[in-house]
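# Examination of the molecular architecture
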Amino acid sequence: MMRTNLSMGVIAISVAMVNGDLANGFNYCRDDPVICNLIIKFLACSAIGQLFIFYTIAHFDPLVCSTITTSRKLVSVFLSILLKGHILNRQGYFGICLAFSGILSELRYKYYRRFKKTKVGNAAEMLVQNFHPDGSMCKSGILNILRSK
């Protein structure tokens, strides 16, 4: 990731030099020190956000990270509508409903998968418990397994 950010920085500086915007940007920052302070704060917040993203991917999985990111964006859209009075058209509401239904179906799938694993795990444990030491299965063990399904 560092190489990607570094290469993008080199490309941005190169394009700014070719267009003649690099000197203008430095002059603007020199003349207005408040903007430099804001740029530094923005850079710090971006770096901290990247750390949270990397932590989430490393300790969970990319799907969890995308779910968190999508949920955060949807909540910010709803807060913008409620608190600032922004208006959405039908297509916007359809998009929000579609995104929420995707998140809810993903949560349902994860819950179902976890529940299914638990049932399968219990059935496998019952199989092990109902075997006799000689390798045969007792009749009550088979009946218990059939009842658990």
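Preceding this paragraph is the structure being described.
The notes below deal with the structure included here. Source: prediction; values computed, not measured. (Residues numbered from 1 in each chain as written. Predicted model: local features only at pLDDT ≥ 70, side-chain atom pairs only at ≥ 80, totals over all residues. Heavy atoms only, no water.)

### Looking at the packing of helix α2 (residues 21-31) against helix α3 (residues 33-59)
Two numbers describe how α2 lies on α3: the axes approach to 5 Å, and their chain directions differ by 105°. Relative to α3, the element α2 is oriented roughly perpendicular. For the pair formed by α2 and α3, the contact residues are Tyr28, Cys29, Arg30 and Asp31 on the first element and Pro33, Ile35, Cys36 and Ile39 on the second. Here the contact of α2 with α3 is composed, by residue class, of six nonpolar, no polar and two charged. (Axes fitted to C-alpha atoms, helices over the stretch in contact; angles between N-to-C directions. Helix = DSSP H or I, 4+ residues; strand = E, 2+ residues; numbered from the N terminus. Parallel < 35°, antiparallel > 145°, perpendicular 65-115°, else oblique. Contact = heavy atoms within 4.5 Å. Nonpolar A, V, L, I, M, F, W, Y, C, P; charged D, E, K, R; others polar.)

### Quick notes on the packing of aromatic side chains
Counted by the stated rule, this structure contains one aromatic pair. Ring centres of Phe78 and Phe100 lie 5.6 Å apart, and the angle between their planes is 20°; this geometry places the pair in the stacked category. A residue pair is termed long-range when its members are at least 10 positions apart, and Phe78 in helix α4 (residues 62-84) and Phe100 in helix α5 (residues 90-129) qualify at 22 residues. (Phe/Tyr/Trp six-rings, centres within 6.5 Å; stacked < 30°, edge-to-face > 60°.)

### What to know about the layout of surface pockets
Within this model, the largest pocket holds a volume of roughly 210 Å³. Residue lining of the largest pocket: Gly9, Ala12, Ile13, Ala16, Asp21, Leu22, Gly25, Phe26, Cys29 and Ile39, and that is the complete set. Counting residues per element, the ones that place at least two in the lining of the largest pocket are α1 (2-19) and α2. A class-by-class count of the residues in the lining of the largest pocket yields seven nonpolar, two polar and one charged. There is about 150 Å³ of room inside the second largest pocket. What lines the second largest pocket is simply Gly49, Phe52, Ile53, Thr56, Cys65, Ile68, Thr69 and Arg72. Within the residue set of the lining of the second largest pocket, elements represented by two or more residues are α3 and α4. Its residues placed into classes, the lining of the second largest pocket shows four nonpolar, three polar and one charged. (1 Å grid on protein atoms, 1.4 Å probe; cavity = no way out; pocket = protein on both sides within 12 Å on 5 of 7 lines; lining within 4 Å. Points joined across faces, edges and corners; volume = space filled by probe spheres on them.)

### With respect to the side chain of Thr56
Structurally, Thr56 can be placed in helix α3. Aside from chain neighbours lying at most four places away, what touches Thr56 is Asp61, Val64, Cys65 and Ile68.

### Some words on a nonpolar patch on the surface
A contiguous nonpolar surface patch, about 440 Å² in accessible area, is contributed by Val75, Leu79, Leu82 and Leu83. Locating Val75 in the fold gives a position in helix α4. (Patch = residues over 30% accessible without salt bridge, like charges linked within 9 Å, V, L, I, M, F, W, Y side chains within 5 Å. Areas by Shrake-Rupley, 256 points an atom, 1.4 Å probe, with all protein chains shown as cover. Salt bridge = Lys/Arg side-chain N within 4 Å of Asp/Glu carboxyl O.)

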